Amino acid sequence: MDIRQILKTLQRWWWLILAGTVAAALISFLATRATPKPYLSQTTLRVGTIGNGAEVTQNDIGTSQTLADVYAAFALREPVLASTLTDLNLTDWSWELLRDRVSTRVPPNSSLIEVAVVDTDPKRAQVFADTIAR
């Protein structure tokens with residue numbers, strides 16, 4: 001196939017190529033606009049009594065860090081998430097569905113717990129994060 005045949009074919013079918021490109025762009029645009037935007041709400045908790053004016057030992061710091069790891073893992077378990085849904089009167093939700101939207105993180109060498117919730121409703125994400133923390 002020589003270059004003239006390719007150019008002749010492109011010249012003959014240019015409108016189809018253009019229409020396909022425009023259709024794909026339009027469908028992509030509409031699909032993107034129809035997809036709900038995710039919102040992230042995050043809250044941070046401090047574990048332990050460090051900073052209350054008393055003398056702090058290395059043992060106190062280590063205990064607080066260990067407790068933060070344990071509490072962060074516990075926040076993703078059924079008792080906490082199910083009670084969150086009960087507190088919010090969300091009987092049509094399952095705790096597994098909520099767990100898929102929740103994440104926890106303990107920054108290295110700290111006694112802080114970060115609880116984050118992703119949802120399509122910003123207010124609901126905030127309420128979930130606050131209730132889980134409580």
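Anything mentioned here points back to the structure above.
All of the points below concern the structure found in this document. Just so it is clear, the model here is predicted, and its values are computed rather than measured. (Residues numbered from 1 in each chain as written. Predicted model: local features only at pLDDT ≥ 70, side-chain atom pairs only at ≥ 80, totals over all residues. Heavy atoms only, no water.)

With that settled, the discussion passes to the layout of surface pockets. If you add up the space inside the largest pocket, you get close to 180 Å³. Together, Leu45, Val47, Tyr71, Ala72, Phe74, Ala75, Val80, Ile113, Val115, Ile132, Ala133 and Arg134 line the largest pocket. Where the lining of the largest pocket is concerned, the elements lending two or more residues are helix 2 (58–74), strand 3 (112–119) and helix 5 (122–133). No other element matches helix 2, which puts three residues into the lining of the largest pocket. Its residues assigned to classes, the lining of the largest pocket comprises eleven nonpolar, no polar and one charged. (1 Å grid on protein atoms, 1.4 Å probe; cavity = no way out; pocket = protein on both sides within 12 Å on 5 of 7 lines; lining within 4 Å. Points joined across faces, edges and corners; volume = space filled by probe spheres on them. Helix = DSSP H or I, 4+ residues; strand = E, 2+ residues; numbered from the N terminus. Nonpolar A, V, L, I, M, F, W, Y, C, P; charged D, E, K, R; others polar.)

In this sheet, strand 3 lies alongside strand 2 (residues 102–105) in antiparallel orientation, the contact comprising four bridges. By the bridge assignment for strand 3, Val102 is matched with Val117. Counted along the chain from strand 2 to the antiparallel partner strand 3, the turn is six residues long, and its residue Asn109 has a positive phi close to 55 degrees. (Pairing = 2+ DSSP bridges.)

Here we take up helix 2. Relative to the 24 Å expected for 17 residues at 1.5 Å per residue, helix 2 spans 24 Å between its end C-alpha atoms, a close match to the ideal helical length. Residues Ser64, Ala68 and Ala72 constitute the buried set of helix 2. Projected down its long axis, helix 2 carries its buried residues within an arc of 65 degrees, all on one side. Exposed residues pointing more than 90 degrees away from the buried face of helix 2 are listed as Gln58 and Asn59. Those residues of helix 2 that are buried are in contact with strand 2 and strand 3. (Expected span 1.5 Å × (residues − 1). Buried < 20%, exposed > 50% of the residue type's maximum accessible area, 1.4 Å probe, protein only. Arc of directions from axis to C-beta. Contact = heavy atoms within 4.5 Å.)

Looking now at the side chain of Thr43. Along the chain, Thr43 turns up in strand 1 (residues 39–46). By relative accessible area, Thr43 is classed as buried at 17%. Those residues in contact with Thr43, other than ones at most four positions away along the chain, are Ile113, Glu114, Val115, Ala129, Asp130 and Ala133.

To continue, consider the nonpolar core. Nonpolar side chains in soluble globular proteins generally cluster together in the buried interior. Counting 19 residues, the largest nonpolar core has Val102, Ile113, Val117 and Ile132 as the members making the most contacts within it. Listed by contribution, the elements that provide at least two residues to this core are helix 2, helix 3 (78–87), helix 4 (95–99), strand 3 and helix 5. With four residues, helix 5 is the single largest residue contributor to this core. (Core = buried A, V, L, I, M, F, W, Y, C linked by side-chain atoms within 4.5 Å.)

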